[in-house]
Every structure is written in C-alpha cells, then in structure tokens.
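Here's the letter readout for the chains.
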Amino acid sequence: MDFGHKTYWDNLVRKRSEVERLMLRVETRGYQLILKGQNALWVLEQDTHETGDCSGYEDRARGTGTSFHSTDSIEGATIEDPLEAVLRERATEFKEKIRMYLAWYCAPSTSRFHGERLEVIYAYVRRAIYKDASLMFLSQSYDSVMALLSDQDLDLVTVEKLWHAVNALCIHDVQSAVDDVVRSTDGDHMVVLGGKVFKDVSGERWPLHAWGHMMAIRRCYSCLRKTCQAIDEVIDLTRYAVLARVPLTQTYLKYDFSIDGSRELILAGFIPNDIPLASPRHSITWKESGSCSAWEETTCNLSLYAGLSLSDPMAQAFVNACIRHPDLMVMLRKGADARVIRSSSIVWTSRRRRARSPSELASVPWENTVCLSDLALENAQPSGWAHEKIADCIQVIIVDASEGTMGDFVRKLVEIWCQVYKVGNKDELHDALKGRYEAAGELEEFQEVTSKIALDYYQSLWECMPSPALAEDPQSFWF
C-alpha cells in the first residue's frame with residue numbers, strides 16, 4: 001500500500017516547482033530593476049552570438065567530469081551529513097575549475113601588459129555575468145570580480161552556473177571584453193562588479209598588443225578573424241600573430257603558407273585569400289577528338305587575390321609599383337563602389353591554341369583566352385565578421401605573366417615591397433616592419449603557458465595553491 005507517500009512526494013515536487021517559478025520571477029524582476037537603475041535596459045534587447053568558435057587549444061583534453069576530491073585521510077574528522085559534504089566538494093571543484101580556467105589566461109608578471117591582462121580577465125567574467133539574471137542579482141553583494149570569485153561560501157548551484165556562463169562565452173564576447181579595457185572613448189554602459197560593460201564595441205583601432213589579449217583566450221585564427229570588421233583589423237591581427245610567433249590553429253583561414261617570403265608579404269599588409277601551390281604553367285598535349293584531333297598548347301598565368309588597407313600610403317605605392325612592373329598585370333578596386341582599374345585592357349589567366357603538329361603551334365594565334373571580369377574582384381575581399389567579405393579595402397588581383405613558380409612570384413612581390421620601404425631584402429623588410437612596433441613597446445616575446453606556469457599564475461592570482469589533485473594535473477579539466 002502507498003500510505004500516502006506518493007501523494008506527499010507529488011505535493012513536495014509541486015511546491016518545489018512553485019517556489020522555483022517564484023524565485024525566477026523575483027530574480028527576473030530584480031534584474032530588470034538593476035538594469036533600469038543604470039539606464040541599461042538595452043541589455044535585454046541584445047542578440048546572443050552562437051558560440052560556433054573553437055578555443056584553438058584542441059591539443060588539450062577537456063575532461064569536465066574530472067573529480068578533484070581530496071584523498072587525504074579523514075580519521076578523527078567530525079562526522080557530517082554526507083549529502084552536505086558531497087555538495088560542498090562539488091562546489092569546490094567548480095570554484096577551482098573557474099580559477100584555473102582564468103589563470104591560464106594570465107600574462108607573466110614581468111610583462112608590461114600584466115595588469116592590463118588582469119583587467120581583461122575581469123572584463124571577461126563581467127561579460128559572463130551581466131546577461132544572467134541570477135548572477136547579476138548575486139553580483140550586487142560584491143564590489144569586484146575578485147571579491148565574488150574569492151567567496152568561499154558560494155553554493156553549488158551558483159558556482160556551477162558561473163562556470164557554465166564563463167565557459168560559454170564566444171569570440172565576440174572576448175572581443176568585447178578586450179574592447180571594454182583598451183577603448184579610449186566612453187559610451188552606453190552598465191557597471192558590473194566595479195567595471196564598465198559597454199553596449200557596443202568602440203570600433204576604434206586597437207593598439208597592436210591588444211590582439212595578444214585576444215590570442216591568450218582564443219587560439220584559432222579563423223575564429224579571431226570573425227571579429228574583424230575592417231581590413232586594418234585583419235592586418236593588425238595577422239601582424240601580431242606573425243611578429244609575436246603565436247601558434248594559432250589555422251582551420252578555415254590561413255596566414256602561414258609555407259612559401260619563402262609569404263610572411264613578409266603578409267606583414268607588409270597584403271592579405272591574400274590563398275597562396276596555392278601552382279600547377280604546371282605550360283603544356284603541349286595531343287587531344288584525341290576524331291577528325292578534329294590536334295596538338296593543343298596551353299599556357300597559364302599565376303595570380304594572387306588580396307586585400308590591402310585604403311589608409312596605408314605604402315599599400316598604394318605597392319599597387320602603383322605592381323602596375324609599372326613589366327611582368328605583372330593588375331586589376332584593382334579602391335573600396336566597395338569604386339571603379340575597376342586595370343593595368344592593361346585585358347587581364348588574362350590562361351589561353352590555348354591548336355595545330356596539326358607541334359611545330360605549327362608557334363604560328364597559330366592564341367584562342368580561348370580566359371580573362372578576368374570585374375566580378376573576380378569579389379574573391380579578393382578578405383573574410384571578416386562571421387566570414388562575411390570586407391569590401392572597404394583595396395581589392396587587387398595580381399597576375400604574373402612571366403615564367404617561374406609561385407615561390408618566384410611571391411619573391412617578386414616581396415622585392416616590390418622592399419623597394420617601397422627602401423630596404424635591401426626580405427630580412428630587412430621584416431626588421432623594418434617589426435621595429436616600429438618594438439619601438440612603440442607593442443611587442444613582447446610570446447610565452448607558451450605550460451602546466452607549471454599555469455600553477456604559478458594560479459598561486460599569484462588567488463594567493464593560494466589549488467587542491468593536490470588539480471596541482472598534480474592542471475590540464476585534467478582543460479578545454
């Protein structure tokens with residue numbers, strides 16, 4: 001017989017659901033009042049970006065189910081409620097996950113950007129909190145990010161929600177967190193845990209080192225490119241990755257093409273959509289086609305499609321030098337709606353001719369010439385925000401009509417850049433481009449964060465050591 005137990009249980013479940021709904025309404029209303037008090041109701045209207053990006057740390061295993069329970073002896077310990085002990089241990093696990101997760105993103109204490117990196121980490125946490133009603137309600141009891149994350153009395157539900165909120169931030173949230181710190185202009189914002197969370201990104205061109213903050217949190221070049229809305233941002237992102245030698249993963253978009261001179265070409269501000277390994281440029285073959293069989297000669301030109309900055313006078317000088325070069329054909333457009341400029345009336349990529357014998361080919365005129373149309377310039381537009389094309393740039397297609405490989409073509413373009421910058425070779429070009437950022441203090445040597453370094457960062461940031469299990473394997477939960 002039931003003796004009323006099932007009925008009692010059903011009543012408890014129903015009452016619990018009623019309390020949870022009431023709590024949700026209270027938190028939601030409290031959240032709305034907090035936003036209204038700061039004139040920040042715009043938060044409720046903001047779109048949520050899908051997280052579709054990767055971290056770039058794919059070589060590290062993500063074991064979110066890892067337990068950090070202490071293995072110390074409990075002889076002589078006070079007996080307590082087992083459920084409370086388990087809940088407390090689980091809460092401690094999530095706290096340590098959050099702390100170690102953030103410690104990985106720290107900069108060395110010797111870095112001139114150490115303090116700024118901490119501010120970015122705090123801004124990153126604020127971005128995880130400000131759109132969540134319950135976390136925003138909780139944040140009113142603290143005056144800083146560190147005060148919240150150092151509270152030892154946070155319950156399991158709260159720290160688990162905080163962990164998932166921090167872990168779910170996408171690349172656009174990372175961009176916004178960095179912009180919250182490095183921007184020089186004010187704007188609509190709300191204050192969360194003592195810091196400003198701005199409604200929109202400023203659109204300012206960041207100092208070069210700010211991209212280092214982005215790369216500390218996300219290591220995927222394609223994902224980082226999603227945040228770029230202007231060609232100058234693409235150039236700065238790529239320059240920092242190359243100059244600081246940050247090992248970014250390159251999935252959809254690339255900047256390392258393993259061709260001598262390609263890095264210097266990109267450093268100069270030439271952002272290609274690809275630098276392919278060229279197929280054979282010239283061939284003579286017998287084409288069997290019944291009574292129309294003949295020898296066919298085909299010749300192909302090498303071509304590169306790229307975007308350059310409209311605001312960089314060196315980019316314009318480079319394009320002008322390419323137009324004057326006897327081996328090159330150039331087609332370009334300066335901005336989305338500008339007219340198309342050609343260095344010659346026809347810019348062709350391949351052509352062929354046919355004859356009854358190989359010796360007759362030289363006397364036969366070329367036919368079936370493949371020429372570039374204006375629409376081809378769309379392929380020169382770099383991908384940026386959400387992989388949409390950036391049309392507001394110098395869109396250029398450069399065709400090499402001379403003999404040689406793609407490596408020869410790239411070196412030819414690097415030589416033109418050397419002439420523009422008035423240096424002797426690609427090494428001097430590299431030094432000239434790097435030197436101005438070093439002189440401005442914008443570059444520091446990249447340091448890979450190892451497990452030992454992460455533990456040092458953890459101890460420095462939180463002024464304590466993690467649990468023995470986590471200290472033994474800091475990557476055991478890493479994403």
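Structure's up top.
About the thresholds
- Residues numbered from 1 in each chain as written.
- Predicted model: local features only at pLDDT ≥ 70, side-chain atom pairs only at ≥ 80, totals over all residues.
- Heavy atoms only, no water.
- Helix = DSSP H or I, 4+ residues; strand = E, 2+ residues; numbered from the N terminus.
- Buried < 20%, exposed > 50% of the residue type's maximum accessible area, 1.4 Å probe, protein only.
- Contact = heavy atoms within 4.5 Å.
- Areas by Shrake-Rupley, 256 points an atom, 1.4 Å probe, with all protein chains shown as cover.
- 1 Å grid on protein atoms, 1.4 Å probe; cavity = no way out; pocket = protein on both sides within 12 Å on 5 of 7 lines; lining within 4 Å.
- Points joined across faces, edges and corners; volume = space filled by probe spheres on them.
- Nonpolar A, V, L, I, M, F, W, Y, C, P; charged D, E, K, R; others polar.
- Phe/Tyr/Trp six-rings, centres within 6.5 Å; stacked < 30°, edge-to-face > 60°.
- Lys NZ or Arg CZ within 6 Å of the ring centre and 35° of its normal.

**Some details on the overall build of the chain**
For the chain, the helix and strand inventory stands at 16 helices and eleven strands. Looking at the chain as a whole, 48% of its 479 residues qualify as buried. Restricting to contacts in the chain with at least 6 residues of sequence separation, those with at least 24 account for 71%. Element-wise, carbon and sulfur atoms account for 51% of the exposed surface of the chain, whose accessible area totals about 24,300 Å².

**Remarks on empty space enclosed by the protein**
Taken as a whole, this structure holds two cavities of 30 Å³ or more when the rule is applied. K95, I98, R99, L148, L149, D151, L154, V159 and L162 are the residues that line the largest cavity. Elements with a minimum of two residues in the lining of the largest cavity: α2 (82-103), α5 (145-149) and α6 (156-167). Approximately 40 Å³ is the volume found for the second largest cavity. As for the second largest cavity, its lining consists of Y221, R225, T238, K254, Y255, F257, I266, I271 and P272. Listed by contribution, the elements that provide at least two residues to the lining of the second largest cavity are α9 (221-225) and β3 (271-272). For the lining of the second largest cavity, the residue count by class is six nonpolar, one polar and two charged.

**Some points on the packing of aromatic side chains**
This structure, assessed with the given rule, holds nine aromatic pairs. Aromatic side chains F270 and F318 sit 5.8 Å apart centroid to centroid with 75° between the ring planes, which places their arrangement in the edge-to-face category. Highlighted residues: F270 in the loop between α11 (262-267) and β3 and F318 in helix α12 (residues 313-324), separated in sequence by 48 residues. Taking the relative accessible area as the measure of exposure, F318 reaches 0% and is therefore buried. Judged by centre distance (6.1 Å) and plane angle (40°), the rings of W417 and Y421 are tilted. Taken as a pair, W417 and Y421 lie in helix α13 (residues 406-421) at a separation of four residues, close to a single helical turn. When sorted by exposure, W417 lands in the same class as Y421, which is buried. Sitting over the ring of F198, R183 keeps its end group 3.9 Å from the ring centre. Above the plane of the ring of W366 lies R353, whose end atom (NZ or CZ) is 3.9 Å from the centre.

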